[in-house]
Amino acid sequence: ACRKINPEFCFSYEGGWDRLMSYTDLSWWGATDDLLKQVFPQRALATGIEQPFDYNKVNIAVLNGCHLLVGPANYNRGMEYPPMKPLCRYIAEVTRIRHKLFGALSRGAIIDASEGLLKRKQSLLKIRGAFARSPHAKWKIFRDTETGLRAVVLANLGNTPLKAGGIAFADSPRAPCEVHQPFQKMTPSRFPLVLTIPPERVAIVTA
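1. Structural notes on helix α3 (residues 55-63)
For α3, the tally of buried residues reaches seven of nine residues, placing the bulk of the element in the interior. Among the structural elements, β3 (44-49), β4 (67-70), α5 (85-100), β7 (137-143), β8 (150-156) and β13 (201-206) are those in contact with the buried residues of α3. Looking one or two places after α3, you find glycine 65, whose phi comes out positive at around 70°.

Structure below.
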C-alpha cells in the first residue's frame, strides 16, 4: 500500500521475527556472522554508527555486508554535527564503492572469511605479508549471485598501515582485478596483487 504512494518506500525492524522477512530484508543489529544470509543472500543487518571515532564500526559493517544506521551523538544530532564530519566523509566514500558493487557487497553471498563461522577449510584467498600475520587484519569474500563477480573486503582494524602481498583468488591466481579504496579512483590491476592498507580503513578487490 505504501509503495503505491512512494515506490521507494522501505523499512527495517529491530527483532528476529522471520514473518517480517516477507516485507523487508533489513533488520537490526549487526555486525556478526549471520547464517540467515547464507540462505537469503539479499538479507542484511544494520550497524549503528553513533560517534566520531566509529571508523572501525563502519569497516566491520562493510566486512559483514551490513547497512549503516547513522545516528550522530548517539542519535541526538544530525549529519552536520561538526565532530562527525570527517567520519561522514569516510562513510560517503565507503557508500560510493558499495553502491557500485551493491550486488556483491550488500546483496551477495559471503563465501569465505579469515575467521568465524564462514571460514572455509580450504581458503579461497591467497594472501601473505604483515596483513596475513596481524590480529587486526580481517577479510571476507562476497559473490554476486546474479553476475558471479567476487569481491574481497580487506580491513585493517589496527592503528598502523599493513602491507598485504600475493593477494589472489586461489582458483584464478593470474586473473585481472580491480582495486577500490576510499578517496581513490578505481585501479585496474592483476593478481597477484600487493596493497598497503592504511589504519582503520578497508580496501575492496573484485574479479
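Structure shown, so let's carry the discussion forward.
2. Concerning the side chain of arginine 150
Relative to the helices and strands, arginine 150 is located in strand β8. Residue arginine 150 is classed as buried on the basis of its relative accessible area, which comes to 15%. Of the polar contacts made by the side chain of arginine 150, one reaches the side chain of serine 172; its length is 3.5 Å. Those residues within four positions of arginine 150 in sequence are excluded, and the remaining contacts are Ile111, Ile141, Phe142, Arg143, Phe169, Asp171, Ser172, Val205, Thr206 and Ala207.

3. Overview of the nonpolar core
Within the largest apolar cluster, 25 residues are counted, with the highest numbers of intra-cluster contacts made by Val58, Leu87, Tyr90, Leu105, Val153, Val202 and Ile204. Elements with a minimum of two residues in this core: α3, α5, α6 (102-105), β5 (109-113), β8 and β13. Ranked by residue count, the leading element in this core is α5, at six residues. Those residues within four positions of leucine 87 in sequence are excluded, and the remaining contacts are Ile49, Gln51, Pro52, Asp54, Tyr55 and Val58. Counting 24 residues, the second-largest nonpolar core is a separate cluster that includes Leu124, Ala168, Ala175 and Val179.

Procedures and definitions
Residues numbered from 1 in each chain as written. Predicted model: local features only at pLDDT ≥ 70, side-chain atom pairs only at ≥ 80, totals over all residues. Heavy atoms only, no water. Buried < 20%, exposed > 50% of the residue type's maximum accessible area, 1.4 Å probe, protein only. Helix = DSSP H or I, 4+ residues; strand = E, 2+ residues; numbered from the N terminus. Contact = heavy atoms within 4.5 Å. Polar contact = N/O pair within 3.5 Å; in protein donor to acceptor, adjacent residues only side chain to side chain. Core = buried A, V, L, I, M, F, W, Y, C linked by side-chain atoms within 4.5 Å.

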